[in-house]
Amino acid sequence: MLLQRLVEYAKQHTTTQPFHRRREFRWQLALYSENHREPRLASLVDPDDKKSRGPAHLTPAVTRTVGVAPQLGADDVQYVLGWGDDNTDPERVSQCHEAFVRLIEAWANSAADTDDAARIVREFYANGGVDELAVPQEPYTAKQGVLITVDEVPIIEHESLRRFWVQEVARRKSGGNEGLCLVCGHHAPLAETIPGKLAKRLVPGAGNDPALVSVNEMVFGYGLTKGLRNTPICFDCGDAVNTGLTHLLDSEHVVRFPRQDSAMAWWALGEPDDDFLSAMSTRPNADSVNRLISRMHNGQLGDAGKRAEEFSGDRFCSVTLGGNSSRVVIRDWIDRPLEEVKDNLAQWYADILVTSRWEAGTVPSGYWSLVLATGKWDSERRTYADLTSNSARRPEHVQRDLLSSCLRGSPLPTSVLHHVLGRVAADGHLDVPRAALLRLALRRHPSKEVHMSPGLDENRTDTPYVSGRIFAHLEQIQYHASDGQLNATFGDRFLSSAIGNPTPAILAGEKLANSWLAKLRRRGDTRAKAYALGQKLSELHRLIDSGHSTTGYLSPDQQAMFLLGYHHQKAHDMDQARKHKAEKGAGSESETAN
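In every chain, residue numbers begin from 1 and rise along the written sequence. Local features are withheld for residues below a pLDDT of 70 in this predicted model, meaning they are given only at 70 or higher, and side-chain atom pairs are given and counted only at 80 or more; totals for whole chains, interfaces and linings count all residues. Side-chain numbers here rest on the full set of heavy atoms in the structure, without hydrogens or water.

Asker: Can you break down the pattern of salt bridges residue by residue, with the values?
Answerer: Salt bridge, as applied in this entry: a Lys or Arg side-chain nitrogen positioned within 4 Å of an Asp or Glu carboxyl oxygen. Per the counting criterion, the structure on display carries 32 salt bridges. We note a salt bridge from Asp273 to Arg295, for which the minimum N-O separation is 3.2 Å. Taken together, the residues Asp273 in the loop between strand E12 (263-269) and helix H7 (274-279) and Arg295 in helix H8 (residues 286-297) connect sequence positions 22 residues apart. Each residue's exposure class comes from its accessible area (1.4 Å probe, protein chains only) as a fraction of the maximum for that residue type: buried when under 20%, exposed when over 50%, partly exposed otherwise. Its relative accessible area of 23% is what places Asp273 among the partly exposed residues. The salt bridge partner of Asp483 is Arg523, with a shortest N-O separation of 3.5 Å. Here Asp483 is found in the loop between helix H15 (463-481) and helix H16 (490-498), whereas its partner Arg523 is found in the loop between helix H17 (503-521) and helix H18 (527-543), with 40 residues between them in sequence. You can call Asp483 partly exposed: its relative accessible area is 49%. Taken together, the salt bridges that share partners define one network made up of Asp273, Asp275, Arg291, Arg295, Glu339 and Lys342. Only DSSP runs of H or I reaching four residues or more are called helices, and only runs of E reaching two or more are called strands; each is numbered from the N terminus.

Asker: Could you give an account of unusual backbone geometry, with specific residues and numbers?
Answerer: Phi is positive for Arg259, close to 65°, though the residue is something other than glycine. In this fold, Arg259 is placed in the loop between strand E11 (254-255) and E12. The phi torsion at Ser325 lies on the positive side, around 60°, for a residue other than glycine. A relative accessible area of 42% means that Ser325 is categorised as partly exposed.

Asker: Lay out the layout of surface pockets in plain terms, naming residues and giving numbers.
Answerer: What the second largest pocket holds in volume is close to 1300 Å³. In this structure, the second largest pocket is lined by 41 residues; those nearest its centre are Arg21, Arg23, Asp76, Lys143 and Asp209. For the lining of the second largest pocket, the elements supplying multiple residues, two or more each, are strand E1 (20-24), strand E4 (56-60), strand E5 (74-76), helix H2 (77-80), helix H3 (90-111), strand E10 (206-211) and strand E13 (315-337). Three classes are used, and their members are as follows: Ala, Val, Leu, Ile, Met, Phe, Trp, Tyr, Cys and Pro are nonpolar, Asp, Glu, Lys and Arg are charged, and the others, Gly among them, are polar. Here the residues of the lining of the second largest pocket sort into 11 nonpolar, 14 polar and 16 charged. Residues are said to line a cavity or pocket when one of their atoms sits within 4 Å of a point; the points come from a 1 Å grid over protein atoms alone, cavities being sets where a 1.4 Å probe fits but cannot get out and pockets being open sets with protein on both sides within 12 Å along at least five of seven lines. Grid points are joined across faces, edges and corners, and a volume is the space filled by probe spheres set on the points.

Asker: Which residues make up the packing of aromatic side chains, and what values go with them?
Answerer: When the centres of two rings from Phe, Tyr and Trp lie within 6.5 Å, Trp using its six-membered ring, the rings pair. Their planes under 30 degrees apart give stacked, over 60 give edge-to-face, and anything left gives tilted. Applying the stated criterion to the full structure yields 16 aromatic pairs. Note on Phe100 and Tyr125: the rings are 6.0 Å apart at their centroids and 70° apart in plane angle, and the pair reads as edge-to-face. On the criterion of sequence distance, the pair formed by Phe100 in helix H3 and Tyr125 in helix H4 (residues 116-126) is long-range, its members being 25 residues apart. Classification of Phe100 by relative accessible area gives buried; the value is 0%. You can call Tyr125 buried: its relative accessible area is 11%.

Asker: Before we move on, could you go through the packing of helix H1 (residues 2-13) against helix H6 (residues 235-249) and cite the residues and values that matter?
Answerer: Axis lines are fitted through C-alpha atoms, for helices just across the contact stretch, and the angle between N-to-C directions can take any value from 0 to 180 degrees. Across the interface, H1 lies against H6 with an axial gap of 8 Å and an inter-helix angle of 75°. As far as their axial angle goes, H6 and H1 are roughly perpendicular. Facing Leu3, Leu6, Val7, Tyr9, Ala10 and His13 of H1, the residues of H6 in contact are Cys237, Ala240, Val241, Gly244, Leu245, His247 and Leu248. Among the residues making up the contact of H1 with H6, the classes are represented as 10 nonpolar, three polar and no charged. Convention used here: angles under 35 degrees read as roughly parallel, angles over 145 as roughly antiparallel, angles from 65 to 115 as roughly perpendicular, and any remaining angle as oblique. In this description, contact between two residues means that some pair of their heavy atoms is separated by no more than 4.5 Å.

Asker: Report on the pairing of strand E6 (residues 145-150), specifying residues and quantitative values.
Answerer: The two faces of a sheet get side chains in turn, since along a regular strand they alternate between them. Of all six residues in E6, six are buried; the element is thus mostly enclosed. On E6, burial covers both faces: Gly145, Leu147 and Thr149 on one face and Val146, Ile148 and Val150 on the other are all buried. In this description, strands pair whenever DSSP reports at least two bridges between them. Strand direction decides the pairing type here: strand E2 (residues 27-31) and E6, joined by five bridges, are parallel. Opposite Leu29, over in E6, you have Ile148 as the bridge partner. Judged from the two bridges that link them, E6 and strand E7 (residues 153-154) form a sheet pairing that is antiparallel. Within E7, the residue paired with Thr149 across the bridge is Pro154. What sits between the antiparallel neighbours E6 and E7 is a turn of two residues, in which Asp151 has the positive phi angle 55°.

Right under this line is the structure:
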């Protein structure tokens, strides 16, 4: 089904020439029809741009494994010029160049009467033109791309070359058999191997340009057979599969973060609405997310999903893939009704909503912020380690774990919860994205249903949750006692150790709280505040279920509850402070007006 969907996508969304792919070229072999103009080898790279790898062109391309297999009209330095480097075998380089020249001759023999460019290129090689080229002063490697032009026009754009290339691919890749293609269901010439590959830059983890389907050795084939004998695919479908997947992986509908083991590309059969498109982005619009959640709560998405399964052909497709040397690894494949995925997406955002300390209401987190939050927190720079950082200690699979849970509506792998808990303990830092991941892990518990509100639940009596609230309140007492002038807070000192077992930290905090509250009572302007803070601390202790009052060491689920209780209480306190400040400001303005 994956191959069928890719072929359908290619036919509807791409206009690429058969057996072509986009490639970057560092060099130009410029030939001319005028005899007084000498052939030259020119660099196509901007010397002032260190990241430039040359312009990209759509060029003839076919799968190349360990054998010598030239591409027509543009190829590596070793093929086009016969030049090697320190890492190449001179004999093999010579074989590559000879094969390329023979291919040029074959094309020219078929088109010399109608295409002057074919004749000019053939004569260049026949007259030893490569030997007369000046070796560039810039360093080169054997696998850098060389684009051949005649009168500044790339020969890969000539129609005669494109027609000949289709015939050449059929000659190379055909086993001489016709049969039923498993993809399109038609009788057609069958490919011995898939004609093309994906660019390795599109596939995380790929060491070389990888192939989606490859049976190039008997050990990989059913019954120790080589080639696609047991997986019949016609030439057109084989080319369309690569074309469609390349187009998807190079589009805006792809999630690919640095140092992750996979990329996810998605597409829809039908017309998804703007809210869905925004919610699928890595940094979604908050209004779109809220509308999507509202539609879910109103039952609109569920009803639409039921109708869609009966009457609509709208589908959502996504493929998550990585690379292993020269092969593509399919890590996930989803093909579901669009409305079902839309409902899963809305539920996902509802499960990761949490209150924030810095703004009112609940805040949705995008994929980007969630993946970023699984990395190391830099306390000096007050930011997370960059996604490209080698020392971020971010799991390489976390992107696909989150996406799979989101699109399938499935539980979050326990490894993600364990990692986030470890990072909070190591960094001593908890914010909205990390709290969102903790709430998601609880809401999607694999074996039990856990209700966890986005914000403070003042009626919840779970010992871990209330312990988190008490810990946050102790921080609040310390803050007021010091007038906010602190070098290190109670949380800075004790949060990391309290995650696993909060009891020792809370006992130590209550002893400190006695002195903090005494300090507040000694001042006339804060005496009432001391009383209120003390009363709140007593109320929190009374919330704890008397049958489970001893905390002890916490399980991962309980640790998440403790941290969410801590986060919710902190966010609530900040919200109350903002409201008090606003009311005080409004009262001052009223007095001034009077």
